[in-house]
Amino acid sequence: MTDALRRVGVVGCGAMGAGIAEVSLRAGLDVRVVVSSPGRVASASDRLLRALDRAVAKGRMTPEERDAAADRLRITVDPAELADRQLVVEAVAEDLESKRRVFKTLDAVVTDPDAVLASTTSSLLVADLAEVTGRPEAVVGMHFFNPVPVMPLVEVVRSDRTGDATVDRAESYVVDLLGKEVVRTQDRCGFVVNALLVPYLMAAVRMYERGVASAEDIDRGMTLGCGHPMGPLALLDMIGIDTITAVARSMRENSDDLIDEVPPLLSRMVEDGHLGRKAGRGFFRYDGTAS
């Protein structure tokens, strides 16, 4: 499969989708990205071409490799253009019905009977996505971490109907083509990483919300006291407050024991547009002071 896999599709071009498309292009693959509207085609193209330019500036690609990668990229609004893809990765918002609609469409348009249909979900069950297709054995979870070009890990998640060949192909893409590492996990809410990480992050938010300590001291406690490379509140800002809120709500709805509640502070921050680094303000303002 490693030698044969050349054609990859990505549905969505947000942070995750763009990152997956970028690393696939840098691995020499032909990449087709589907976006939700014609107005997003230009912005998606600009985003990916800028990412390739940064890779050249950092010495990770030559200018010639960058140009070749750009030639292998196509942005479209038509899911039918994924028909010949050997692997398609869904990377839309963390919403069950949105993802199920994508998988229903992929089942209808992807013609290769051996194609892998993968989801980047971080909290939903792969089985709930696979059940809307006529080929649940081809559906697998492929949970990348943000930023995709930097983070070395991918969780590969199999449902009780995912085929061995699908898991092997997914792992071959991740390890042999992208040069990343794999953690295999069963199809359970939060998988391995988020099942451990998200409750910890929610505890940090509640601690801050209750005035136990400042944002700086909470983060300093975990970096200096526990050796973490980044404090929990700074990590929340990097992930995105809206993203982590959606993940936490999904985990709360789909698990009886992982999260007791999603702190109200997160909802207020989303409403106020304090979404973290991407908005210039979250738990920190990025001038060294707490928000």
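Here's a quick rundown of the structure. Fair warning: this is a prediction, and the values are worked out from it, not measured in the lab.

### Here we look at the packing of helix 7 (residues 193-209) against helix 10 (residues 241-254)
Then, in step 1: It is the contact of helix 7 with helix 10, at a shortest axis distance of 11 Å, that shows an interaxial angle of 110 degrees. With respect to their mutual orientation, helix 7 and helix 10 come out roughly perpendicular. The chirality of how helix 7 crosses helix 10 is left-handed. Contacts between helix 7 and helix 10 involve N194, A195, V198, L201 and M202 from the former and I244, V247, A248 and M251 from the latter.

### Digging into the layout of surface pockets
Here the idea is plain: a probe the size of a water molecule rolls over the atoms and shows the empty space left.
Then, in step 1: Put simply, the second largest pocket is a space of about 480 Å³.
Then, in step 2: E22, A51, R54, P147 and P149 are the residues nearest the centre of the second largest pocket, which is lined by 18 residues in total.
Then, in step 3: Looking at the lining of the second largest pocket residue by residue, the class counts come to nine nonpolar, two polar and seven charged.

### So, the pattern of salt bridges
Then, in step 1: For the structure shown, the criterion picks out 20 salt bridges.
Then, in step 2: The partner of E81 in a salt bridge is R74, and the shortest N-O contact between them spans 2.5 Å.
Then, in step 3: Overall, R74 belongs to the partly exposed group, its relative accessible area being 42%.
Then, in step 4: The salt bridge involving R268 is made with E209; its shortest N-O contact spans 3.9 Å. With R268 in helix 11 (residues 264-272) and E209 in helix 7, this residue pair connects regions lying 59 residues apart in the sequence.
Then, in step 5: Under the relative-accessibility criterion, E209 is labelled partly exposed at 30%.
Then, in step 6: Several salt bridges share partner residues, and in doing so they unite R7, D30, R32, D84 and R85 into one network.

### A few points about the environment of E171
Then, in step 1: With respect to the helices and strands, the residue E171 is situated in helix 6 (residues 164-177).
Then, in step 2: Along the primary structure E171 and A27 are separated by 144 residues, whereas in three dimensions their C-alpha atoms are 15 Å apart.
Then, in step 3: With sequence-adjacent residues up to four places away left out, E171 is seen in contact with V156, D176, V182 and R184.

### Quick word on the side chain of N194
Then, in step 1: Checked against the element boundaries, N194 lands in helix 7.
Then, in step 2: By relative accessible area, which is 8% here, N194 ends up buried.

### Some thoughts on the pairing of strand 8 (residues 181-186)
Then, in step 1: Summarising the sheet, strand 7 (residues 153-158) and strand 8 pair through six bridges and their orientation is parallel. For V156, the partnering residue across the bridge sits in strand 8 and is R184.
Then, in step 2: Between strand 7 and its parallel partner strand 8, the chain crosses via helix 6, and the hand of that crossover is right-handed.

### What about unusual backbone geometry?
Then, in step 1: The peptide bond linking N146 to P147 adopts the cis configuration, its omega dihedral lying at 0 degrees.
Then, in step 2: Note on placement: P147 falls in the loop between strand 6 (139-144) and strand 7.
Then, in step 3: The backbone of F191 sits at a positive phi, close to 55 degrees, despite the residue not being glycine.

### Considering the sheet that holds strand 4 (residues 87-90)
The pairing of strands in a sheet comes from backbone hydrogen bonds and takes either a parallel or an antiparallel form.
Then, in step 1: Taken in spatial order, the eight strands make up an open sheet running 3-2-1-4-5-6-7-8, and their pairing is mixed. Taken across any chain shown, the strands that pair with only one partner, and hence form the sheet edges, are strand 3 (73-76) and strand 8. Averaged over all pairs of adjacent strands, the angle between their axes in this sheet comes to 25 degrees, without regard to strand direction.
Then, in step 2: The pairing of strand 1 (residues 7-11) with strand 2 (residues 30-34) spans five bridges and is parallel. Looking at the pairing, G9 lines up with R32 of strand 2.
Then, in step 3: Helix 2 (residues 41-57) contacts strand 2 and strand 3 of the sheet and is inclined by roughly 155 degrees relative to strand 3.

### Details of the nonpolar core
Then, in step 1: Formed by 37 residues in total, the largest nonpolar core has its most connected members in V33, L48, L87, M142, F144 and Y173.
Then, in step 2: Dropping the residues within four chain positions of it, Y173 is found in contact with L5, V8, I20, S24, L29, L87, M142, F144 and L178.
Then, in step 3: Formed by 26 residues, the second largest nonpolar core is a distinct cluster that contains M202, L233, A248 and M269.

Rules used throughout
- Residues numbered from 1 in each chain as written.
- Predicted model: local features only at pLDDT ≥ 70, side-chain atom pairs only at ≥ 80, totals over all residues.
- Heavy atoms only, no water.
- Axes fitted to C-alpha atoms, helices over the stretch in contact; angles between N-to-C directions.
- Helix = DSSP H or I, 4+ residues; strand = E, 2+ residues; numbered from the N terminus.
- Parallel < 35°, antiparallel > 145°, perpendicular 65-115°, else oblique.
- Left-handed = near helix turned anticlockwise from the far one by under 90°.
- Contact = heavy atoms within 4.5 Å.
- 1 Å grid on protein atoms, 1.4 Å probe; cavity = no way out; pocket = protein on both sides within 12 Å on 5 of 7 lines; lining within 4 Å.
- Points joined across faces, edges and corners; volume = space filled by probe spheres on them.
- Nonpolar A, V, L, I, M, F, W, Y, C, P; charged D, E, K, R; others polar.
- Salt bridge = Lys/Arg side-chain N within 4 Å of Asp/Glu carboxyl O.
- Buried < 20%, exposed > 50% of the residue type's maximum accessible area, 1.4 Å probe, protein only.
- Pairing = 2+ DSSP bridges.
- Right-handed = clockwise from strand over helix to strand, strands pointing away.
- Core = buried A, V, L, I, M, F, W, Y, C linked by side-chain atoms within 4.5 Å.

As far as function goes, none of this settles anything; it's purely spatial.
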